[in-house]
Every structure is written in structure tokens, then in C-alpha cells.
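A look at the structure
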Amino acid sequence: MGKITEFDIDGTLYQTELTKKFENRKMWKKPDPKQIKSFIPGTIVEIFVKEGQKVKAGEGLMILEAMKMKNRIEMPFDGIIKKIHVTEGVKVPNRLLMLEIE
Amino acid sequence: MSLKRNILDLRKRKEKVLQGGGEKAIQKQVAMGKLTARERVTSILDEDSFHEYDLFVEHEARDFGMEKKELHGDGVIIGTGTIYGEPVCIFAQDFTVAGGSLGLMHARKITKIMDHALKMRVPLIGINDSGGARIQEGVNSLAGYGEIFFRNTLASGVIPQLSVILGPCAGGAVYSPALTDFVFVVENISKMFITGPEVIKTVLGEEISMEELGGAKVHSEITGNAHFYALSEYECFEQIKKLLTFIPWHNGKKAKAFPPKPPKPEFKIEEIVPADPTQPYDIRNVIKSVVDDSDFFEVMENFAGNIVIGFGRMNGETVGFVANQPMVLAGVLDCDSSDKAARFIRYCDAFDIPLVTLEDMPGYLPGVDQEHMGVIRHGAKILYAYSEATVPKITVIIRKAYGGGYIAMNSRHMKADFMFAWPTAEIAVMGPEGAANIIFRKEIMAAEDPDAVRREKVAEYKAKFANPYVAAAKGYIDTVIEPLETRNMLLHSIEVSSNKADRRPQKKHGIPPF
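Let us look at the overall build of chain A. Regarding its fold elements, chain A presents 1 helix and 10 strands. The globule rule puts the C-alpha radius of gyration for 102 residues at 13 Å, and the 20 Å found for chain A is more than 25% above it. In terms of overall dimensions, chain A has C-alpha extents of about 55 × 30 × 20 Å along its principal axes. Among the 102 residues that make up chain A, the fraction classed as buried is 34%.

Structure representation (C-alpha cells):
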């Protein structure tokens, strides 16, 4: 047997091995609406806003091109752009923090 | 006039085509650590049993200068032969000919041998080693894949289909293996993916090697796309041959029976399982202590280890085993283990292989990731597969059988034919700790010493429910047996089920929670 660990199911502690897949699972985090993250890996082709700028809900923030499709990222609610973490032309992986809103 | 000249001409033509992609391409294939397509076919089949067809087929590509190229056999070998004296159909893509790329005639050769296998009711073995669609042939190569997938689906559940990945198998090509019953992969040689590392890098900027993206380990451990993992091609061929000893040649026939043998004496069933339900053990040893010659052939050994599936023989006849593995993740059911078990149950049902279920599990795996991955619909597959199965179905509850897992693991309520339980069996809605915490919450919270009261209440619950006798009193369990009686009870119950007739309502087909 491999490494035996205590494993809690409904309050009972079982002695058992864990799997690699289980140990590498992603912990769930409550999404923060003030953080704009990439929803697909791709390229930032255009950024419409600057840091400190007031932006209304629905206005365009940037274009994320992925799979030959130009996706317009929109402002989710009225606010101020706190920080932009990407520049035009960069490739971004999935779930990368691209922009923060105040 | 003598036939000699014609015969010599035939021999010369054959000799030329048998070179495949030629000396240089063969050297390249060997340098990659791979056998040639023809070597693979002859290594899997009985000696001198292979007969090849469509050797003189030529490709159909007429654009991009392809019309000037000669592609021997159009990059695939098809034929018939025998394994242990029994007939099989086989195809092997030849990477030395245009990278084994699939064009119209290549696909026609494959579909020809598939049609033959289905008509003749013999297993089909497909060896995949191909760069993918032959781009120069355009939509014709896509049509070719489509024709193959359609036949894979038609043949599913009628004849066994084995896919052997011995090289790249990329893009649409991967869907043929995915539609077949068993997929074999070999370390460093097999590569399967929809989109390769190059495309992923240029389009998405993610860098990953072929091996990390879709190598043999990835598919046998993480994705569950592969059923058998080997370190060499020869080990892989042995796995194929061993599998074929356990499965029937088609769905109207029983698997070949072997002379019955007792289990090996070193597997002592009473010494394998600890009485304390929180202590782990290897369920495979329990299987080995009941099957003939302790010969258990495990399927998907490296994927979702919390459930064990595979074939063994009892009284010389093939039986499919589904067993919770307390040694891995306490034997819980989760998305992966549900998929793994459900598909195997359907395989056994399709090919008339009796099912033995060994149960020892504390329930479904809790967690946000499981819920969000859809443990509801994945878990439902087990319920569907067991309920639908009409082969003899026997369950032995060894220790824990809690909650939804108890229902799912071929309970009486899924129409198990025989339900046996060891005296260590605990059949309850949940484990004693969790149950006591809910039922006696107020008393525990109000107590001066809550821990002492909790312990007392857990003990009370255990005494009342953590046993097989409550379920036995309702007839949900047929009999409580001593561990040593397990093999005999299984032998007997399989024997008396041999003429089982169980009908389901007429329908076109059900709608399983895919």
C-alpha cells in the first residue's frame, strides 16, 4: 500500500490512500466580481480603457481573441478601472486576472 | 501456356507493396522505438495465420501533386487471422506510408474489414498509428472517419472492438478508439489528443509536451480514455491476448470455458479484511481469494482506483467483477469511478457475462469540485447500468454499504438476483458518526460532556444499525454468510442463474445519463 491518510467522510475518519487526481483537484473559490478574468485562453488584441477611468456597465473593456473569434469583454457594473494587468498583443491563459475594478 | 510468368509478376508486385513506406521510413519507425505495422499484426496473431487483403489498393488523392505519389496499401494493412485458434479481423495503420494519414481509400480498407468483422461476428482489433487526416484529400478524409465512427457504433455490443494506440492518434481519429470497448496504450509510444501541443501553443500560448498532454500515463491515470497500460508493445500484445481469453467472440456466444481451478491457498479471505470499517485493505485480494486460480484480470487499473473492475473465472466461466476499493479514497463513489463501473457493467451485460459486485464503501465523495463536475449525472450512470443489466447479478456486502451508494451498488432494489452479506456488513443511511450527530444533535449539544455523549450515541447507533441483520430482516439481504463461504455461494448462485430470463419493457433504446 502507498501512503495512508485519514480521510473524513460524514464525520468518520477512514484510513486510505489518496489519488493524484484527488490531491491535485482545484479548491473552489468564491468568484470576485471586481476581478475580470479571461474565460478562454487567447490574445488581447485591443484595450479600450485606462487605469483610473470611470466606466459604465456594458461598455467595452477590451477584445480577447480566441479560436478566431473576437470576444468583447464588457464592464459588469458601473465603476472605476483600478488596475490593468495585460497589454495589447499579449497571449493570456485561461482564468488569468486581466483587470481589476473599484 | 505456363502460369509461371503471372505468378512471378504477382510475387514481384506483392514484394514491392510489402515494403510499405520503404527502407528509410522503416528505419525512422524503428528509431522511434516502434515496431512496423506488419510486425505488430504478426506478433498479435497466431503464427502464420495472417492473411492480408487490399494490398494493391491505391490512393485517390489527385491534388497538390499527390497524383504522382505512390502510397503502398494507402497506409493501412487489413486482414484476418487467428488468436488462440479463433478468428479475428485486424487493421494496422502504417506510419511509414505518408505518416499513416487517413485518406479515402485508407478509410475504405478499414471500413471493409469492420463490415467483415461485424458480418462474421468476430472481434475487431484496430492498431492506430497515424498523423491524422490526409489534408490533401480534404473532405474525403473526414468522410472516411465518419464512416469508421458509424461502424464502431453499429458494432458496439455485437462484437468486441479493441483499439491499440501505437503512435499518434490525433484530432478526429481519437473518436474511433473512444467508441470501442477497450483501448490499449504503451508508454512513450501512444499519443492521443484532439488538439496537439503545436496548435495549443500557437493559438493559446500554453506550452505542454505531447507526453504530458496525451501520453499513455495521462490516458490511463487521468482521463480514463485508456483501459490497459503497458511498458512495451510486446507487453501490450500479451494484454490483448489475455483479454481475449476472458471475453466472448460476439454477443450471441459465451466466453470460452476453461477447466475449473481452486483459488491459490495464499489468498486467505478471512485474513484480508479488517473488522474495523475504517481500516483499509486491498479488495483485489478478496477477488483473488474467490476466483479460479486467483487469476484476476483488472481493467483500468490506474484510473479511479477507488473502484476495481475486471474479469475472473468461476468454475471455469468468465465473470465480471465490480468492487469498491477501501484502500483508495476509502472506496467512495465519485464521477470517475461511476463512469468506470457503469461502462463495465454495460459491457458485461451486452456480452452476457455474469456480474459479481463486492461492496465496501462509505458513500459518495463530498466536495464542491465533485458536485460541479456533475456527480449527480455521473453517479446516475451506475444506477442505470445495474438496473438495465439482465445478466446474473450477485452482490456481496463485505463491510460498509451506506446511503445512495448502497442502493447503487447492485442492491436488491436494482434487482440483484442474490444479495449476500458478511457479518461485518453495515447497511445504513450513513456512517454511525454522521448519523448520531444528526439524530442526537440536541442531546449531544445539551450535554455537559458532549464528546462522551456523542461516543455513547454513536455506539448506540452502531449496535442498532451497523449490521446486516436489519436489512436481512426485511429480506433485502438473502443471507448472511461467513467470509469463507463466499466462493461457494458465488459458484452456486452463478450456477443456478445460468438459465436466467429477465425481460425489460420493449423500447427503441433508453436514455442513459451519458
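In terms of regular secondary structure, chain B is built from 21 helices and 16 strands. Whereas a compact globule of 514 residues would reach a radius of gyration of roughly 24 Å, chain B reaches 26 Å, a difference of no more than 12%. Per-residue burial for chain B yields a buried fraction of 55% across its 514 residues. Contacts in chain B between residues at least 24 apart in sequence constitute 72% of all its contacts with a sequence separation of at least 6. A total accessible area of about 23300 Å² is found for chain B, and carbon and sulfur atoms account for 56% of it. Averaging the positions of the 60 positive and the 67 negative side-chain charges in chain B gives two centres separated by 6 Å.

Now for the packing of aromatic side chains. Note on aromatic pairs: each is described by the distance of the centres and the angle between the planes. Residues and elements named next belong to chain B. Per the counting criterion, the structure on display carries 17 aromatic pairs over all chains. Judged by centre distance (6.1 Å) and plane angle (25°), the ring pair of Y145 and F149 falls under stacked. Of the two residues, Y145 and F149 are both situated in helix α5 (residues 139-155); the distance of 4 residues between them amounts to about one turn of the helix. We classify Y145 as buried; its relative accessible area is 8%. Taken together, F182, F184, F228, F246, F297, F311, F344, Y347 and F351 form an aromatic cluster joined through their ring pairs. The ring of F258 is capped by K256, whose NZ or CZ atom sits 5.7 Å from the centre of that ring.

Residue and element names in this part refer to chain B. The N-to-C vectors of helix α3 (residues 37-44) and helix α10 (residues 233-246) enclose an angle of 40°; their axes lie 10 Å apart at closest approach. Taken together, the axis directions place α3 and α10 in an arrangement best described as oblique. Once α3 is placed against α10, the crossing between them reads as right-handed. Mapping the contact onto sequence places R40, S43 and I44 in α3 and E233, Y234, F237, I240 and K241 in α10. Its residues placed into classes, the contact of α3 with α10 shows 4 nonpolar, 1 polar and 3 charged.

All right, on to the interface of chain B and chain A then. Facing the 33 residues of chain B at the interface are 26 residues of chain A. Of the roughly 2300 Å² buried at the junction of chain B and chain A (both faces included), carbon and sulfur atoms supply 64%. Counting the contacts that link chain B with chain A gives 2 salt bridges. The residue A:K20 makes a salt bridge to B:E221 at a minimum N-O spacing of 3.2 Å. At the surface where chain B touches chain A, the tally comes to 13 residue pairs in polar contact (both at pLDDT 80 or more). When residues in the side of chain B that touches chain A are grouped by element, the largest group, 4 residues, is from helix α7 (residues 197-204) of chain B. Per-class residue counts for the side of chain B that touches chain A are 19 nonpolar, 6 polar and 8 charged.

As a further point, take the sheet that holds strand β3 (residues 35-37) of chain A. The 4 strands are arranged β3-β10-β8-β5 (chain A) in an open sheet whose pairing can be described as antiparallel. Where the open sheet ends on each side, the last strands, each with one partner, are β3 and β5 (54-55) of chain A.

For the rest of this paragraph, the subject is a positive patch on the surface. A surface patch of positive charge is lined by A:K26, A:K29, A:K37 and A:R95. Along the polypeptide, A:K29 turns up in the loop between α1 (20-23) and β3.

All names here are of chain B. In terms of nonpolar packing, the biggest core is built from 86 residues, with I125, F182, F184, I240, L243, F311 and V322 touching the most fellow members. Once you skip the residues sitting within four places of it in the chain, L243 turns out to touch L162, F182, F184, F228, F297 and F311. Listed in part, the 25 residues of the second largest apolar core include V286, I287, F420 and I494.

Now for helix α4 (residues 104-120) of chain B. Residue and element names in this part refer to chain B. Relative to the 24 Å expected for 17 residues at 1.5 Å per residue, α4 spans 24 Å between its end C-alpha atoms, a close match to the ideal helical length. Listed in full, the buried residues belonging to α4 are L104, M105, H106, A107, K109, I110, T111, I113, M114, A117 and L118. In this structure, the buried residues of α4 make contact with β1 (51-53), β2 (76-83), β3 (86-93), β4 (124-130), α5 and β5 (161-170). Looking one or two places after α4, you find R121, whose phi comes out positive at around 55°.

Definitions and limits used
- Residues numbered from 1 in each chain as written.
- Chains lettered and ligands numbered in written order.
- Predicted model: local features only at pLDDT ≥ 70, side-chain atom pairs only at ≥ 80, totals over all residues.
- Heavy atoms only, no water.
- Helix = DSSP H or I, 4+ residues; strand = E, 2+ residues; numbered from the N terminus.
- Rg over C-alpha atoms; globule rule 2.2 N^0.38 Å.
- Buried < 20%, exposed > 50% of the residue type's maximum accessible area, 1.4 Å probe, protein only.
- Contact = heavy atoms within 4.5 Å.
- Areas by Shrake-Rupley, 256 points an atom, 1.4 Å probe, with all protein chains shown as cover.
- Lys, Arg positive; Asp, Glu negative; His and termini not counted.
- Charge placed at Lys NZ, Arg CZ, Asp CG, Glu CD.
- Phe/Tyr/Trp six-rings, centres within 6.5 Å; stacked < 30°, edge-to-face > 60°.
- Lys NZ or Arg CZ within 6 Å of the ring centre and 35° of its normal.
- Axes fitted to C-alpha atoms, helices over the stretch in contact; angles between N-to-C directions.
- Parallel < 35°, antiparallel > 145°, perpendicular 65-115°, else oblique.
- Left-handed = near helix turned anticlockwise from the far one by under 90°.
- Nonpolar A, V, L, I, M, F, W, Y, C, P; charged D, E, K, R; others polar.
- Buried area = accessible area lost by both parts, 1.4 Å probe.
- Salt bridge = Lys/Arg side-chain N within 4 Å of Asp/Glu carboxyl O.
- Polar contact = N/O pair within 3.5 Å; in protein donor to acceptor, adjacent residues only side chain to side chain.
- Pairing = 2+ DSSP bridges.
- Patch = residues over 30% accessible without salt bridge, like charges linked within 9 Å, V, L, I, M, F, W, Y side chains within 5 Å.
- Core = buried A, V, L, I, M, F, W, Y, C linked by side-chain atoms within 4.5 Å.
- Expected span 1.5 Å × (residues − 1).

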